[in-house]
Amino acid sequence: MLGADLEWFTTLAETENVSAAADRLHLAQPTLSRMLARLERRLGAPLFDRHGKRIRLNDYGRLYYEHARRARAELRAGEQAVADRVNPAKGVVRLSFLHSFGSRLAPELIAEFRRGAGRVDFGLFQGAAETITRQVLDGEADLALVSPRPSEPGIGWHTLLNQPLVLAVPADHRLAGQRRTRLSELADAEFITMHPGFGMRRIFDDLCAAAGIRPRIAFEASDLVTVRGLVAAGLGVALVPAEEPPPPDLTVVPLADAGASRDVGLIWSATATPSEAVRRFRDFAVDRAARRPAR
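Because the structure is predicted, anything quoted here is derived from the model rather than measured.

K.L.:
Help me understand the overall build of the protein chain, please; the structure alone is not making it clear to me.
P.N.:
Within the protein chain, the secondary structure is distributed over nine helices and 11 strands. Its C-alpha atoms give the protein chain principal-axis dimensions of about 70 × 50 × 30 Å. For the protein chain, with 295 residues in total, the buried portion stands at 45%. Here the analysis covers contacts within the protein chain between residues at least 6 apart in sequence; of these, 74% occur between residues at least 24 apart. Looking at the protein chain as shown, the accessible area adds up to about 15300 Å², and 52% of this sits on carbon and sulfur atoms.

What follows is the structure in structure tokens.
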């Protein structure tokens, strides 16, 4: 019953909609409402503010939800640990990664690992660096591919590769023919960059601060494909990883700035005990990085 309570409450907290949560949980709405009323009576506090048919987590509810979400993740991890013990040849790895790693790095790692790993399944999630780091800390993801290295305590890290960064400019830009450039030469440029919370945005902000410029940001996006497309359309310039293949009407210029690169690594919770499948995939990724030169 503990697991069932956690499931329905966290679902209701995440949807903030009794009808949607009931549909997802395959429950009748009155049943779900009664379950919530019993929980609130037991806790001695309302967990949601009611606004007609809509509900919204209040301070009590947000506090309880944070604990319930972590408890749900722990129970799921426990279920998976038992399943791994029952059948070591099969397991699940919950892997989160940045959108920019979805076209090459994550698929390559998974494909190479599964060729010799038997029946290991993967649950995948893509998002911003801050989001997926929090997933690892909260036990909602086993491992994550991120850049740069997170600063939060309680995170294990291993560098997998290092990517140089380049300046992406439209084909007719004044810098398109240069062999190298520095960010200090772009004080008046209009930049296209990622939203705050993304790894590339943190790197961009740090490099601009080191170069002594306050960048004029024209557009913010949630993935590098959109960033490159906006640059190609002539709407600004951007910092992108060198390995990203530019569109035909996009030119990249190497950067001479110190530190114009990003470390890409694998992270995990330093306090969690990994399942057999997670440990095997982590060891595989670390060994693969040691066998291959950084790109």
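Next comes the rest of the write-up.
K.L.:
Could you clarify how one ought to interpret the pattern of salt bridges in this entry?
P.N.:
In this structure the tally under the stated criterion is 17 salt bridges. In this structure, Arg62 engages Asp59 in a salt bridge whose closest nitrogen and oxygen atoms are separated by 2.4 Å. Separated by three residues within a single helix, Arg62 and Asp59 lie in helix H4 (residues 59–86), roughly one turn from each other. Of the residues examined, Arg62 reaches a relative accessible area of 42% and is grouped as partly exposed. Among the ionic contacts, a cluster of salt bridges with common partners joins Glu66, Arg69, Arg134, Asp138 and Glu140.

K.L.:
What exactly am I supposed to notice about the side chain of Thr181 here?
P.N.:
Within the fold, Thr181 resides in the loop between strand E6 (155–170) and strand E7 (190–194). Looking at Thr181, the relative accessible area reads 1%, which means it is buried. Of note is the side chain of Thr181, whose polar atom sits 3.3 Å from the side chain of Glu185. Once residues within four sequence positions are removed from consideration, Thr181 is found in contact with Leu167, Leu175, Val253, Pro254, Leu255, Ala256 and Asp257.

K.L.:
Even after reading the chapter, I still don't get the packing of helix H5 (residues 105–114) against helix H9 (residues 276–291), so can you show me in this structure?
P.N.:
When two helices pack together, their arrangement is given by the angle between the helix axes and the distance between those axes. Packing of H5 against H9 leaves a shortest axis separation of 11 Å and a crossing angle of 110°. The angle between the axes of H5 and H9 places the two elements in the roughly perpendicular class. In this structure, H5 crosses over H9, and the sense of that crossing is right-handed. Contact residues: Leu105, Glu108, Leu109, Ile110, Glu112 and Phe113 in H5; Ala277, Arg280, Phe281, Phe284, Ala285 and Arg288 in H9. When its residues are assigned to classes, the contact of H5 with H9 shows eight nonpolar, no polar and four charged.

What counts and how
- Residues numbered from 1 in each chain as written.
- Predicted model: local features only at pLDDT ≥ 70, side-chain atom pairs only at ≥ 80, totals over all residues.
- Heavy atoms only, no water.
- Helix = DSSP H or I, 4+ residues; strand = E, 2+ residues; numbered from the N terminus.
- Buried < 20%, exposed > 50% of the residue type's maximum accessible area, 1.4 Å probe, protein only.
- Contact = heavy atoms within 4.5 Å.
- Areas by Shrake-Rupley, 256 points an atom, 1.4 Å probe, with all protein chains shown as cover.
- Salt bridge = Lys/Arg side-chain N within 4 Å of Asp/Glu carboxyl O.
- Polar contact = N/O pair within 3.5 Å; in protein donor to acceptor, adjacent residues only side chain to side chain.
- Axes fitted to C-alpha atoms, helices over the stretch in contact; angles between N-to-C directions.
- Parallel < 35°, antiparallel > 145°, perpendicular 65-115°, else oblique.
- Left-handed = near helix turned anticlockwise from the far one by under 90°.
- Nonpolar A, V, L, I, M, F, W, Y, C, P; charged D, E, K, R; others polar.

Keep in mind these numbers describe shape, not what the thing actually does.
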